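Examination of the molecular architecture
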Amino acid sequence: MNKIFLAPLALAAGLMAGCGGNGDGAPAGADTAAAASKAVPASLPDVAAFNSTVDGKPTTLYVLKNTGKVSAAITNYGARVVSLLVPDKNGVLTDVALGYDSIGPYVHGPETYFGAIVGRYGNRIAKGKFKLNGKEYTLATNNGPNSLHGGKKGFGAVVWDGKQLNDSTVELTYLSKDGEEGYPGNLKVSVTYTLAGDGLRIDYSATTDKATVANLTNHTYFNLNGQGSGTINNHIIQISASRYTPVDSTLIPTGKLDSVAGTPFDFRQPTAIGSRINQDNQQLKYGKGYDHNFVLDKSATAVTISGDQSGIVMKVTTDQPGVQFYGGNFMTGANTLKGGKKDDYRGAFCLETQHYPDSPNQPSFPSTELKPGQTWHSTTVYAFGR
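Residues numbered from 1 in each chain as written. Predicted model: local features only at pLDDT ≥ 70, side-chain atom pairs only at ≥ 80, totals over all residues. Heavy atoms only, no water.

**A few points about the overall build of the protein**
Summing up its helical and strand segments, the protein has three helices and 28 strands in all. In terms of C-alpha radius of gyration, the protein reaches 19 Å, essentially the compact-globule figure of 21 Å for 386 residues. Taken over the C-alpha atoms alone, the protein extends approximately 65 × 50 × 35 Å along its principal axes. When the 386 residues of the protein are sorted by exposure, 56% land in the buried category. When the accessible surface of the protein is summed, it comes to about 14400 Å², and 50% of that surface belongs to carbon and sulfur atoms. Distance from the positive charge centre (34 side chains) to the negative charge centre (31 side chains) of the protein: 3 Å. (Helix = DSSP H or I, 4+ residues; strand = E, 2+ residues; numbered from the N terminus. Rg over C-alpha atoms; globule rule 2.2 N^0.38 Å. Buried < 20%, exposed > 50% of the residue type's maximum accessible area, 1.4 Å probe, protein only. Areas by Shrake-Rupley, 256 points an atom, 1.4 Å probe, with all protein chains shown as cover. Lys, Arg positive; Asp, Glu negative; His and termini not counted. Charge placed at Lys NZ, Arg CZ, Asp CG, Glu CD.)

**A few points about the sheet that holds strand β13 (residues 169–176)**
The antiparallel open sheet is built from nine strands, whose spatial order is β12-β13-β14-β15-β28-β24-β23-β18-β21. Edge positions in the sheet fall to β12 (161–166) and β21 (271–272), since each has one partner strand and no second. (Pairing = 2+ DSSP bridges.)

**Description of the nonpolar core**
Among the nonpolar cores identified, the biggest contains 59 residues, and Trp 160, Tyr 193, Ile 239, Met 314, Phe 325, Leu 351 and Phe 384 are the most heavily contacted of them. Top element by residues in this core is strand β14 (residues 187–196). It accounts for five residues. In this structure, Ile 239 is in contact with Phe 267, Arg 268, Phe 294, Leu 296, Ala 302, Val 303, Val 323 and Phe 325, ignoring residues within four places of it in sequence. By size, the runner-up hydrophobic cluster in this structure holds 22 residues, among which are Phe 50, Val 54, Leu 98 and Tyr 100. (Core = buried A, V, L, I, M, F, W, Y, C linked by side-chain atoms within 4.5 Å. Contact = heavy atoms within 4.5 Å.)

**Focus on the packing of aromatic side chains**
Evaluation of the coordinates by the stated rule reveals 24 aromatic pairs. Measuring from ring centre to ring centre gives 6.1 Å for Phe 155 and Trp 160, while their planes differ by 85 degrees; the resulting arrangement is edge-to-face. Taken as a pair, Phe 155 and Trp 160 share a single burial class, namely buried. Consider the rings of Phe 265 and Tyr 290, whose centres lie 5.5 Å apart with planes at 90 degrees: the pair is edge-to-face. Taken as a pair, Phe 265 in the loop between β20 (258–259) and β21 and Tyr 290 in the loop between α3 (282–287) and β22 (291–295) lie far apart in primary sequence, 25 residues in all. (Phe/Tyr/Trp six-rings, centres within 6.5 Å; stacked < 30°, edge-to-face > 60°.)

**Looking at unusual backbone geometry**
Backbone torsion omega between Gly 119 and Arg 120 reads 10 degrees, so that peptide bond is classified as cis. By the secondary structure assignment, Arg 120 is in the loop between β7 (117–118) and β8 (124–125). Residues other than glycine seldom take positive phi values, yet Glu 181 does so here, at roughly 55 degrees. Here Glu 181 shows up in the loop between β13 and β14. On the basis of relative accessibility, which here comes to 23%, the residue Glu 181 falls in the partly exposed class. Phi at Leu 251 is positive, roughly 70 degrees, even though this residue is not glycine.

**Thoughts on the pattern of salt bridges**
The final tally for this structure, using the stated rule, is eight salt bridges. For Arg 124, the salt bridge is made with Asp 291, and the minimal N-O distance between the two is 3.8 Å. One end of the pair, Arg 124, is in strand β8; the other, Asp 291, is in strand β22, and 167 residues separate them in sequence. Asp 291 shares its class with Arg 124; the two are buried. (Salt bridge = Lys/Arg side-chain N within 4 Å of Asp/Glu carboxyl O.)

**Points about the sheet that holds strand β19 (residues 243–245)**
Ordered by their spatial adjacency, five strands build an open sheet running β20-β19-β22-β25-β26, and the pairing between neighbours is antiparallel. Two strands lie at the open edges of the sheet, namely β20 and β26 (350–354), each paired on one side alone. Bridge analysis of strand β25 (residues 322–326) against β26 gives five bridges, and the strand direction is antiparallel. In the strand pairing of β26, Tyr 326 is matched with Cys 350.

**A word on the environment of Pro 363**
Tracing the backbone shows Pro 363 in the loop between β26 and β27 (369–370). Distance from Pro 363 to Ser 102, taken between C-alpha atoms, is 43 Å for residues 261 residues apart in sequence.

**Looking at the pairing of β13**
Bridge analysis of β12 against β13 gives five bridges, and the strand direction is antiparallel. In the strand pairing of β13, Gly 162 is matched with Leu 172. In this structure, β13 lies alongside β14, joined through eight bridges in antiparallel fashion. Within β14, the position partnered with Ser 176 by the bridge is Leu 187.

**Re the environment of Lys 135**
Among the structural elements, Lys 135 can be located in strand β10 (residues 135–138). Overall, the relative accessible area of 48% leaves Lys 135 in the partly exposed class. Along the chain, Lys 135 and Thr 271 lie 136 residues apart, while their C-alpha atoms are 45 Å from each other.

**Structural notes on the pairing of strand β5 (residues 80–87)**
Summarising burial for β5: eight of the eight residues are buried, a large majority. Strand direction decides the pairing type here: strand β4 (residues 71–75) and β5, joined by five bridges, are antiparallel. Opposite Ile 74, over in β5, you have Val 81 as the bridge partner. Hairpin geometry of β4 and β5 is characterised by an intervening segment of four residues between the two adjacent antiparallel strands and by a positive phi of about 75 degrees at Gly 78. In terms of strand pairing, β5 meets strand β6 (residues 93–95) through three bridges, oriented antiparallel. Across the sheet, Val 86 pairs through a bridge with Thr 94, a residue of β6. Between β5 and β6, which follow one another and run antiparallel, lie five residues, and Gly 91 among them has a positive phi close to 85 degrees.

Function-wise, these values are silent; they only describe arrangement.
Set out below in structure tokens:
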């Protein structure tokens, strides 16, 4: 079997409905040893709370640990990251991934993407239509006039088959049948989560029996100060991207690759997320903040971001050509997170490594076509430090 790597880059070691309010953000809070001593370390959810049945298939929670200081919990419902425990600058375990305490809210709650693997096509496809080999395919439109994250029932809303390979690794597989959500071909998908040192590695692969499009990504909502701890506008972010894909009013790329220079999208140097979020910029107005695909430069590290209170630093490496940076602009506090916390406005960010949105309709973008006999493969690593 031949392998196709849609966009190989150097690997180091390694849109909710959209995919800051204020630049001044939330108070920094106490930052003393005395305050740190009172901090309650986060813990992983109860495994029993994820033992259920959805669509006739059993759900469960897998716990990943290794010799490092990071641990994770993954559910086979949507192949989701439920929890990611990372020590802060004082050594206090902090859950940096938004999620729920049990399986029920994932199935029935207002927010459907927390921690999920999204596909068959992550991000948007304009008007829910694309042509492949002369044939037009029609998808569900679930985001205004467009199709988002695979449609009304994408990969985040199905039960995957899971197997824990060892203490630090779980493999999840799913067969997306020909015609599911309008996509052609029987697509066999595998997603493997591995705790590697103090990082979470995600390996994706897929094969098909008919020409199709594939663009899987992970939709974890992060807050490096701890889930439910307030604004992420004071997080410091650096994105290795000299260009981005500007969008129209429905968040579909125009087809251009614009320079970030002189715009609020220039994160080539470490910058607070909220420092320019209120500028009079049409692209920020379209996304109600940041909800844009960044065209990654060929750099070992795609994104570096740090929590202003926790001191936790996350570095993202990937072999994908883009990353969707979403700043939580559509969060409303409608969801009750683990421990009773709320998902308040701009209380999390997403970094969805990906091919560009609407690539099937944009001939100038890197292709997302997958043919029989080829294997789509991708790796992304979220590594943590202080």
